[in-house]
Amino acid sequence: MNNGRFGTYGGQYIPETLMNAVIELEEAYTHYKNDAAFCAELDDLLRNYAGRPSLLYYAEKMTQDLGGAKIYLKREDLNHTGSHKINNVLGQVLLAKKMGKTRVIAETGAGQHGVATATAAALMGMECEIFMGKEDTDRQALNVFRMELLGAKVHAVTSGTQTLKDAVNETLREWTARISDTHYVLGSVMGPHPFPTIVRDFQKIIGKEIKEQLYAAEGRLPSAVIACVGGGSNAMGAFYEFIGDNDVKLVGCEAAGRGVDTPENAATIANGSIGIFHGMKSYFCQDSDGQIAPVYSISAGLDYPGIGPEHAMLFESGRANYVPITDEEAVSAFEYLSRTEGIIPAIESAHAVAYARKLAPTMKQDEIIVINISGRGDKDVAAIARYRGVNLYD
Amino acid sequence: MTDIKKAFENGKAFIPFVTAGDPDLDTTRELILAMQEAGADLIELGIPFSDPVAEGVVIQRANERALAAGCTIDRIFDMLRSLNGDVHVPLVFLTYINPIVVYGAEKFMRHCQETGISGVIIPDLPYEEKGEISDVCHTYGISLISLIAPTSHERIRMIAKEAEGFLYIVSSMGVTGVRSEIKSDIASMVAAAKEVSRVPYAVGFGISTPQQAQEMAQKADGAIVGSAIVKLVEQHGKDSRQPVAAYVKSMKDAVRKA
């Protein structure tokens, strides 16, 4: 562990009521991450339940169409439950079970993390409650029903902006009220220590596999790894293995919504400033009084006013770059990947595809880009139809 | 600035809380004076925050009302300046760490000193992170008030040892808000803290009736009430002065009996 700091970022800024819970979690994690039986059990779940390793697919048509770097897609969308979220959730719910917890709670934005948590809870026999912003329960009604089908109770959060940040607030409040039997399955590389480290460790398998699979296919490292960033767990998972490989460009794509120069975006690095919120010191979209800004993105999963502390460190050191991608660019990339490769990506992941479309033509043909397709886009089809003015239900 | 110790010199203390700027700062100003008049021994003033994670729905709504009405940190300091020495009970702020660090901790504490604020309570700044602002608090003589919770156990001694002003005993699990029953073993929390600390102890979270306040004050040096008062402000808006003063008087009378 690193005392919860990534450079000056991170920390444990939470109510005293929760302090012993995070200390207990850190102790349990430090023990189990080196426990052979725990690691074997998790490995078995990842292979035989989640379907790992996920494919690294050579997108030949996209490569030819863009006419520059060779493009590979890391297919996290093919995991059970349809996104990278399952990697972290299987690890955390197994850990919670070892800790003697019988109930898990979680926040969710797009619903992917909520669905993954409800799935793992069903599998491991845990009680499960999910907190989701009211606006997101409307945007992602199918995922709400999916979670209920899996036996979870879904709470629509009506406070504040009724999106992901408010869902995190409400889950933190719930955890404060009931700690002894409950684990908070935090969904991203954010929140108080040890969550950013635990979630990164459970997600770093993405980058580890990319490295092995690309060596097998091409015998070399990629020139760039591109991933979307809300809190930043799929990006951290894809980047981590490559941090020491300085020739590999790491690019995080944040949600610029209707544009970084409009009030309606969630581009934390482009528009945010340093603050302390949700247990961590990092970058946040906020005003000069430290009031957290209401953010906006077409993507419920990127609609978050902060970014994980390790990303803040990577940004500050220049090791990773962060670029804003608008709704329009993301929707266009969503349609592009569907038509070009027959793969419908999550609207979150489409932000990474959008940047690759700009970057690839500027690169040489012997260079390689890996795009992390963090999730599948079935959940977004109705929202994209609405965006394009198609009314599916009338 | 009034020494926090003074609040605990008139028998058991009654400590009311209101959110600054709810429904507006003129009302907050009136409420401070009215609560002092009605027997409040120390007044907690909440600086509204967009995402108050330690608060229940009543104080969350007060935060939203205050922000929607345009309350800012600078306007709160202006309101305090306008009190112009009329307040003789200690005043402390309750807010979250983000507004302080983004406003600028140095500027914030300097303005606290200038406007007679004696201390700050920051629910999301636990013992391990208090180094974030403790030096600048000390520079300006502002007490950084610590909290202990029913889950603190062995942490109580560590926290109490460095306690400043008074020690805030969180009576219950969860967030702020009225509770019908307080089950935590307050007496043993106080006993653990007393072994290493000499600051006074006040119990908060969940207290609303005179009977509860009296009960809590028997176990500690004072009782803190937030949500029950904020509810009155929600109900009466700009006309809250009378009902809040009457409530504070009844609560001070109750803790006097403890």
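Criteria and cut-off values
- Counting restarts for each chain: residues are numbered from 1 in the order of the written sequence.
- Chain A is the first chain written and ligand 1 is the first ligand written, with later ones labelled in order.
- With pLDDT at 70 or above as the cut-off, local features in this predicted model cover only qualifying residues; side-chain atom pairs require 80 or more to be listed or tallied, and sums for whole chains, interfaces and linings still use all residues.
- Computation of side-chain values covers all heavy atoms of the structure but excludes hydrogens and water.
- Secondary structure is summarised from DSSP: a helix means a run of H or I of at least four residues, a strand means a run of E of at least two, and numbering begins at the N terminus for each.
- For this measure, only C-alpha atoms enter the radius of gyration; the expected value for a globule follows 2.2 Å times N^0.38, where N is the number of residues.
- Think of it in three bands: residues with accessible area under 20% of the maximum for their type are buried, residues over 50% are exposed, and the middle band is partly exposed, with areas taken using a 1.4 Å probe on protein chains only.
- Angles run from 0 to 180 degrees between N-to-C directions of axes, and those axes are lines fitted to C-alpha atoms, restricted for helices to the stretch in contact.
- Left-handed describes a crossing in which the near helix is turned anticlockwise from the far one by less than a right angle; the clockwise case is right-handed.
- Any pair of residues with heavy atoms lying within 4.5 Å of one another is described as a contacting pair.
- Each residue gets one label: Ala, Val, Leu, Ile, Met, Phe, Trp, Tyr, Cys and Pro are nonpolar, Asp, Glu, Lys and Arg are charged, and the others, such as Gly, are polar.
- The term buried area refers to how much accessible surface (probe radius 1.4 Å) is lost by two components on association, counted for both of them together.
- One speaks of a salt bridge when a side-chain nitrogen belonging to Lys or Arg is within 4 Å of a carboxyl oxygen belonging to Asp or Glu.
- Side-chain atoms alone can form a polar contact between residues adjacent in sequence; in general such a contact is a pair of N or O atoms within 3.5 Å, and within protein one must be able to donate a hydrogen while the other accepts it.
- Confidence scores per residue from the predictor, reported as pLDDT, run from 0 to 100.
- Any two strands with at least two DSSP-identified bridges between them are counted as paired.

Focus on the overall build of chain B
Within chain B, the regular secondary structure consists of 11 helices and nine strands. Against the 2.2 N^0.38 benchmark of 18 Å for 258 residues, chain B shows a C-alpha radius of gyration of 17 Å, consistent with a compact globule. Dimensions of chain B, computed from the C-alpha atoms along their principal axes, are close to 45 × 40 × 30 Å. Taking all 258 residues of chain B together, the buried fraction comes to 64%.

Considerations on the packing of helix H1 (residues 16-32) of chain A against helix H9 (residues 195-203) of chain A
Residues and elements named next belong to chain A. Two numbers describe how H1 lies on H9: the axes approach to 11 Å, and their chain directions differ by 35°. As H1 packs across H9, the resulting crossing turns out to be left-handed. Between H1 and H9, the residues in contact are Val22, Leu25 and Tyr29 and Phe195, Ile198, Asp201 and Phe202, respectively. By residue class, the composition of the contact of H1 with H9 is six nonpolar, no polar and one charged.

Quick look at the interface of chain B and chain A
Taken together, the contact between chain B and chain A spans 38 residues of the former and 34 residues of the latter. Summed over both sides, the interface of chain B with chain A buries roughly 2700 Å², with 50% coming from carbon and sulfur. It is B:Asp51, B:Val53 and B:Glu129 that lose the most area in chain B upon contact with chain A, and together they represent 20% of the buried surface on that side. Where chain B packs against chain A, one counts four salt bridges. Taking the shortest distance from any N to any O, the salt bridge between B:Arg155 and A:Glu16 comes out at 2.9 Å. The tally of links from chain B across to chain A stands at 24 residue pairs in polar contact (both at pLDDT 80 or more). Only helix H2 (57-68), helix H4 (97-103), strand S6 (147-148) and helix H7 (155-161) of chain B provide two or more residues apiece to the side of chain B that touches chain A. Broken down by element, the side of chain B that touches chain A gets its largest block of residues, six residues, from H4(B). Across the side of chain B that touches chain A, the residue classes break down as 21 nonpolar, eight polar and nine charged.

Focus: the environment of B:Val244
Residue and element names in this part refer to chain B. Examined against the element boundaries, valine 244 turns out to sit in helix H11 (residues 241-256). In this structure, the C-alpha to C-alpha distance between valine 244 and leucine 31, residues 213 residues apart in sequence, is 7.5 Å. Sequence-distant contacts of valine 244, that is, excluding residues within four places in its chain, are made with Leu31, Met35, Ile229, Leu232 and Val233.

Looking at the confidence of the model for chain B
Model confidence for chain B is summarised by a mean pLDDT of 96, while 100% of its residues fall at 70 or above. Across the whole predicted complex the pTM is 0.97, and at the interface the ipTM reaches 0.96.

Let's talk about unusual backbone geometry
All names here are of chain A. Residue proline 53 is bonded to the preceding arginine 52 through a cis peptide linkage, with omega at -5°. In this chain, histidine 193 is followed by proline 194 through a cis amide linkage whose omega measures 10°. The phi torsion at glutamine 162 lies on the positive side, around 60°, for a residue other than glycine. Note on placement: glutamine 162 falls in the loop between strand S7 (153-157) and helix H8 (164-177). For glutamine 162, a relative accessible area of 24% translates into the label partly exposed. Non-glycine residue histidine 278 carries a positive phi angle of around 50°. Tracing the backbone through its elements, the reader meets histidine 278 in the loop between strand S11 (273-277) and strand S12 (279-284).

Digging into the sheet that holds strand S8 (residues 182-184) of chain A
Residue and element names in this part refer to chain A. Strand order in this open sheet of four strands is S7-S6-S5-S8, and the pairing throughout is parallel. Looking at which strands have only one partner, the edges of the open sheet turn out to be S7 and S8. Between one strand axis and the next, the sheet turns through 20° on average, direction left out of account. By the bridge criterion, six bridges tie strand S5 (residues 103-108) to strand S6 (residues 127-133) in an arrangement that is parallel. Residue alanine 106 lies in a different strand from S6, and its bridge partner there is isoleucine 130. Contacting S5, S6, S7 and S8, H8 crosses the sheet at an angle of about 160° to S5.

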